Amino acid sequence: MTDHAVECLWADALTEPDVRRLAELHHRVWPKPGRTVEELMARVRALAEIRDGSEDQRPRLFVIRLSDRIIARATTLPRTIETSRGPLTVAGLAAVAAAPEHRGEGLGKRVVRAVFDLVDQGVFEWSLFQTSHAVKQFYEKLGARVIDNEIINSMAADYCESHPTHPMWDDVAMVYPGGRSGWPMGRIDLRGAAW
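Residues numbered from 1 in each chain as written. Predicted model: local features only at pLDDT ≥ 70, side-chain atom pairs only at ≥ 80, totals over all residues. Heavy atoms only, no water.

Regarding unusual backbone geometry
In the segment running from Tyr176 into Pro177, the intervening peptide bond is cis, with an omega of 0°. Relative to the assigned elements, Pro177 resides in the loop between strand E8 (172-176) and strand E9 (188-189). Within the chain, Ala95 stands out as a residue other than glycine whose phi angle is a positive 50°. With respect to the helices, strands and loops of the structure, Ala95 is situated in strand E4 (residues 86-98). Phi at Arg191 is positive, roughly 55°, even though this residue is not glycine. In this structure, Arg191 sits in the segment after E9. Given the relative accessible area of 35%, Arg191 is considered partly exposed. (Helix = DSSP H or I, 4+ residues; strand = E, 2+ residues; numbered from the N terminus. Buried < 20%, exposed > 50% of the residue type's maximum accessible area, 1.4 Å probe, protein only.)

Things to note about the nonpolar core
Side chains of a nonpolar character, in soluble globular proteins, are inclined to be buried together. Of all hydrophobic cores here, the largest spans 61 residues; its most connected members are Ile81, Leu93, Phe116, Leu128, Tyr139, Trp183 and Leu190. At the level of secondary structure, the elements contributing two or more residues to this core comprise helix H1 (16-29), helix H2 (37-46), strand E2 (60-66), strand E3 (69-83), E4, helix H3 (107-120), strand E5 (127-131) and E8. Leaving out residues up to four positions away in the same chain, Phe116 has contacts with Leu93, Ser127, Phe129, Tyr139, Leu142, Ala144 and Tyr176. (Core = buried A, V, L, I, M, F, W, Y, C linked by side-chain atoms within 4.5 Å. Contact = heavy atoms within 4.5 Å.)

What about the pattern of salt bridges?
For the coordinates displayed, the defined rule picks out 16 salt bridges. Between Arg69 and Glu101 there is a salt bridge, with its nearest N and O atoms 3.0 Å apart. With Arg69 in strand E3 and Glu101 in the loop between E4 and H3, this residue pair connects regions lying 32 residues apart in the sequence. A relative accessible area of 32% means that Arg69 is categorised as partly exposed. Arg191 is the partner of Glu82 in a salt bridge, and the nearest nitrogen-oxygen pair spans 3.3 Å. Linking Glu82 in strand E3 with Arg191 in the segment after E9, this pair joins segments that are 109 residues apart in sequence. Among the residues examined, Glu82 registers a relative accessible area of 28% and is labelled partly exposed. Each of Glu7, Asp18, Arg21 and Arg65 takes part in salt bridges that share partners, so that together they form one network. (Salt bridge = Lys/Arg side-chain N within 4 Å of Asp/Glu carboxyl O.)

Interpretation note: all reported values are geometric properties and have no functional meaning in isolation.
Below, the structure is given as structure tokens:
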């Protein structure tokens, strides 16, 4: 088991070598034909432009390094969503990854736990994210739960109130903490693209 520390990297203070390391890990874990590391680097740089939330909620990445490589990561993005109770800024959990040769070492758990700690510390009230049926149990073991809200993106160019489409590409929407009551009922409007 790797016992390297979990580091917090603020998106607006990333170095170019770390931008490349983050993109290279993403490229290895989720390869797509035709997608380049340079395209992924641009996506990592764009995290610094996200302005939802307060100063202490700005985008950050939790990473674990081995020598000069990043071998695990989880991103948190402040996203102000619209709920039945009004606007709510959540910690959007995204891009959780561990290098294939380090899977099974608990690295994913450690970087996700760092994001969930932001909720436990009161920086965010909730974390909202998507995952697959195959992975949901991983998050449930960390205290998250599945939600069944209708989820829309009213900002989509093709949005239609009478026939909204589900903006998330994974099958399962989840929140942390799972045991707390108070998650809003009804429709959730992401007010932008899913993460």
